[in-house]
Amino acid sequence: MTDKNSLMRQLPKVDEIIRCMIIERAVKAPEVLIKLAVKKEIDSEREKIVTGESTGCTRDVLLDRIEDEIKRQNQPHLKRVINATGIVLHTNLGRAKLAQEVSDQMKEIGGYYSNLEYDLEAGERGSRYAHVEQLLTFLTGAEAALVVNNNAAAVFLILNSLVREKEVIVSRGELVEIGGSFRVPEIMKASGCTLVEVGTTNKTHESDYVNGISEHTGALLKVHTSNYKIIGFTKEVSIEGLKAIGARHQLPVIYDMGSGLMMDLKAHGIGEEPTVKQCLFDGADVVCFSGDKLLGGPQAGIIVGSKEYIGKMKKNHLLRALRIDKLTLTALELTLREYLDEEKAMKTIPTLHMIMEPLERLEEKARLFLKLLNPCQEAEYEVVKTQSQIGGGSMPGVCLDSYAVSVYRTEISEGMLERMLRENSIPIVTRIYKNKVLFDVRTMSEEDIQTAADFLNQL
Ligand SMILES: *Cc1c(COP(=O)(O)O)cnc(C)c1O
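Residues numbered from 1 in each chain as written. Predicted model: local features only at pLDDT ≥ 70, side-chain atom pairs only at ≥ 80, totals over all residues. Heavy atoms only, no water.

You'll find the chain entered in an unreviewed UniProt entry as L-seryl-tRNA(Sec) selenium transferase, with Lacrimispora xylanolytica given as the organism. Within the UniProt record for the chain, the comment given under Pathway (unreviewed entry) is "Aminoacyl-tRNA biosynthesis; selenocysteinyl-tRNA(Sec) biosynthesis; selenocysteinyl-tRNA(Sec) from L-seryl-tRNA(Sec) (bacterial route): step 1/1." (UniProt positions renumbered as here; feature names shortened; annotations may be inferred.)

This is the structure:
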């Protein structure tokens with residue numbers, strides 16, 4: 001019997017493997033990465049010997065494993081993936097997919113100097129916010145606008161600038177948590193104000209807000225319930241209702257919209273969300289929303305509202321810590337520019353395009369995918385009806401009918417196949433339904449479909 005100690009002794013020496021990788025195998029990678037990979041694989045083999053999981057492996061097998069690991073380590077960790085889940089705004093997959101022209105322009109700005117904070121007309125220092133403020137005011141009808149790192153930062157900046165050390169009234173039905181790290185009560189505390197909860201989970205009336213007001217009150221806050229819906233016996237106070245109360249007590253109405261809808265999707269039969277413009281028109285003094293949800297742009301927090309309030313935010317020293325960077329700003333400006341022509345925006349902004357894609361077109365796409373697949377004995381390929389989601393904490397309860405290609409392989413389990421797809425050079429993220437792997441074509445481009453088909457054909 002080979003005992004564990006002798007198995008350990010048979011493992012090649014670290015220095016020797018490193019030399020072998022560089023000289024014999026001519027692996028091209030920085031030496032630190034080679035060392036790291038060698039150490040990792042040797043340690044893991046040692047561990048397996050200790051637990052009895054390994055009874056030794058040949059030198060070549062070990063060297064192959066190490067070479068694979070070096071190659072993995074030598075690639076960027078953050079990479080493009082194919083989203084075959086049908087979830088349009090998939091937070092784990094980077095939320096909104098940017099328009100082609102937008103990502104092209106980011107290369108230009110990133111690779112050269114720019115007028116980020118330079119006023120080319122005056123030849124002097126300018127503001128980074130100037131590139132989007134006018135566009136935002138024009139598109140939403142607001143007096144002023146400001147952009148920060150994300151919507152969580154926007155809420156923080158608004159509260160910290162306008163109502164620090166004061167009380168803010170929020171309905172109990174709107175104390176939301178988004179993705180585990182954004183929680184209304186916590187962000188309130190961090191921004192230095194006190195939360196005053198009013199009403200109940202399902203019903204909050206005008207009188208609840210009025211009764212919650214004291215000499216310490218600084219604002220009325222409304223929060224969009226982005227990722228859940230309270231249905232049944234419910235009542236919430238509209239922005240108009242809040243504005244009437246706010247006006248009587250000279251309190252600003254702040255609305256955290258979550259997803260900033262620029263275009264009226266309700267008019268296209270999708271959801272019931274109001275647009276940013278509508279919320280401002282209804283009387284919200286300050287509205288904030290994400291850049292990478294329904295807007296379909298980069299991660300950003302957008303704040304629009306009255307000049308007086310936005311002015312206070314611009315003067316807050318913390319703005320510096322929350323500021324947006326030049327690549328994001330480029331993507332945001334160009335995305336907003338698309339909205340100047342709504343018809344065009346529906347085609348060029350992938351998020352809108354994918355949400356609005358007609359069912360017939362999706363079926364056609366799924367059939368096209370099926371045609372690319374070579375029939376084989378081990379595989380069952382089928383076009384099936386499915387439902388996609390908008391996702392990203394937008395429009396809860398809205399399901400979009402869609403089409404998918406379902407894959408069943410006799411020799412590979414669905415779990416195994418799903419994993420193999422994830423490990424592809426361009427990872428493909430799918431969904432498992434029953435014992436099949438589903439590729440929802442809503443979130444796949446024609447190029448993505450080709451890549452997926454090539455993968456399945458070479459199995
Ligand atoms: C998504 C969301 C946030 C957080 O926005 P991020 O841009 O992810 O920081 C805050 N509030 C509401 C209501 C949301 O839906």
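1. So, a negative patch on the surface
Side chains of Asp-264, Asp-341, Glu-342 and Glu-343 sit close together on the surface and give a patch of like negative charge. Along the polypeptide, Glu-342 turns up in helix H14 (residues 342-348). For Glu-342, a relative accessible area of 40% translates into the label partly exposed. (Patch = residues over 30% accessible without salt bridge, like charges linked within 9 Å, V, L, I, M, F, W, Y side chains within 5 Å. Areas by Shrake-Rupley, 256 points an atom, 1.4 Å probe, with all protein chains shown as cover. Salt bridge = Lys/Arg side-chain N within 4 Å of Asp/Glu carboxyl O. Lys, Arg positive; Asp, Glu negative; His and termini not counted. Charge placed at Lys NZ, Arg CZ, Asp CG, Glu CD. Helix = DSSP H or I, 4+ residues; strand = E, 2+ residues; numbered from the N terminus. Buried < 20%, exposed > 50% of the residue type's maximum accessible area, 1.4 Å probe, protein only.)

2. Observations concerning the site of the ligand
Around the ligand, the structure places 13 residues, and the nearest of them are Ala-152, Ser-226, Asp-256, Ser-290 and Lys-293. With respect to the ligand, the side chain of Asn-150 contributes an N or O atom lying 3.5 Å from an oxygen atom. Note that an oxygen atom of the ligand is positioned 2.7 Å from one of the side-chain N or O atoms of Lys-293. Coverage of the ligand by the protein amounts to 95% of the 390 Å² it exposes when considered alone. Counting residues per element, the ones that place at least two in the shell around the ligand are helix H7 (151-162) and strand S10 (253-259). When the residues that make up the shell around the ligand are grouped by side-chain class, the tally is four nonpolar, six polar and three charged. (Near = heavy atom within 4 Å. Polar contact = N/O pair within 3.5 Å; in protein donor to acceptor, adjacent residues only side chain to side chain. Nonpolar A, V, L, I, M, F, W, Y, C, P; charged D, E, K, R; others polar.)

3. With respect to the packing of helix H16 (residues 359-372) against helix H18 (residues 446-457)
Put simply, H16 and H18 touch, their axes get as near as 9 Å, and they point 30° apart. Between H16 and H18 lies a crossing of right-handed hand. Each of Arg-361, Lys-365, Leu-368, Phe-369 and Leu-372 in H16 lies in contact with H18, whose residues at this interface are Glu-446, Ile-449, Gln-450, Ala-452, Ala-453, Leu-456 and Asn-457. In terms of residue class, the contact of H16 with H18 is built from seven nonpolar, two polar and three charged. (Axes fitted to C-alpha atoms, helices over the stretch in contact; angles between N-to-C directions. Left-handed = near helix turned anticlockwise from the far one by under 90°. Contact = heavy atoms within 4.5 Å.)

4. Topic: the sheet that holds S10
For sheets, the rule is that strands pair by backbone hydrogen bonds, running either parallel or antiparallel. Strand order in the open sheet formed by seven strands is S4-S12-S11-S10-S9-S5-S8, and the pairing between neighbours is mixed. The sheet is open, and its two edges are formed by strand S4 (144-148) and strand S8 (194-198), each paired on a single side. Across the sheet, the mean angle separating the axes of adjacent strands is 25° when strand polarity is ignored. The pairing of S4 with strand S12 (residues 301-305) spans five bridges and is antiparallel. In the strand pairing of S12, Leu-146 is matched with Ile-303. Contacting strand S9 (217-223) and S10, helix H10 (residues 239-249) crosses the sheet at an angle of about 175° to S9. (Pairing = 2+ DSSP bridges.)

5. Quick word on the pairing of S9
The element S9 is largely enclosed, with a buried count of seven among its seven residues. Where strand S5 (residues 167-171) and S9 come together, three bridges link them in parallel fashion. What sits directly across from Ile-169, in S9, is Leu-220. With four bridges connecting them, S9 and S10 associate as parallel partners. Within S10, the position partnered with Lys-222 by the bridge is Tyr-255.

6. Section: unusual backbone geometry
We note that Ala-26 has phi near 50°; this positive angle belongs to a residue other than glycine. Inspection of the secondary structure puts Ala-26 in the loop between helix H2 (14-24) and helix H3 (31-51). Owing to a relative accessible area of 40%, Ala-26 belongs among the partly exposed residues under this scheme. Despite not being glycine, Gln-250 has its phi angle at roughly 50°, a positive value. Following the sequence through the fold, Gln-250 ends up in the loop between H10 and S10. Judged by its relative accessible area of 74%, Gln-250 is exposed.

7. Thoughts on the sheet that holds strand S17 (residues 436-440)
Strand order across the open sheet formed by four strands is S13-S14-S17-S16, with antiparallel pairing between neighbours. The open sheet has two free edges, formed respectively by strand S13 (379-389) and strand S16 (431-433), since each of these has just one partner strand. In this sheet, neighbouring strand axes are inclined to one another by 40° on average, regardless of whether the strands run parallel or antiparallel. Here S13 pairs with strand S14 (residues 399-409) via eleven bridges, running antiparallel. When the bridges of S14 are listed, Ala-379 appears paired with Arg-409.

8. Quick notes on the domain arrangement of the chain
Each assigned domain of the chain is listed with its residue range as follows: domain 1 (4-73), domain 2 (82-90 + 356-457) and domain 3 (100-348). Centre-to-centre, using C-alpha coordinates, domain 1 lies 52 Å away from domain 3. (Domains from an automatic or database assignment.)

9. Regarding the side chain of Thr-386
Along the chain, Thr-386 falls in strand S13. A relative accessible area of 12% places Thr-386 in the buried class. Here the side chain of Thr-386 touches Arg-431 through a polar contact of 3.3 Å, side chain to side chain.

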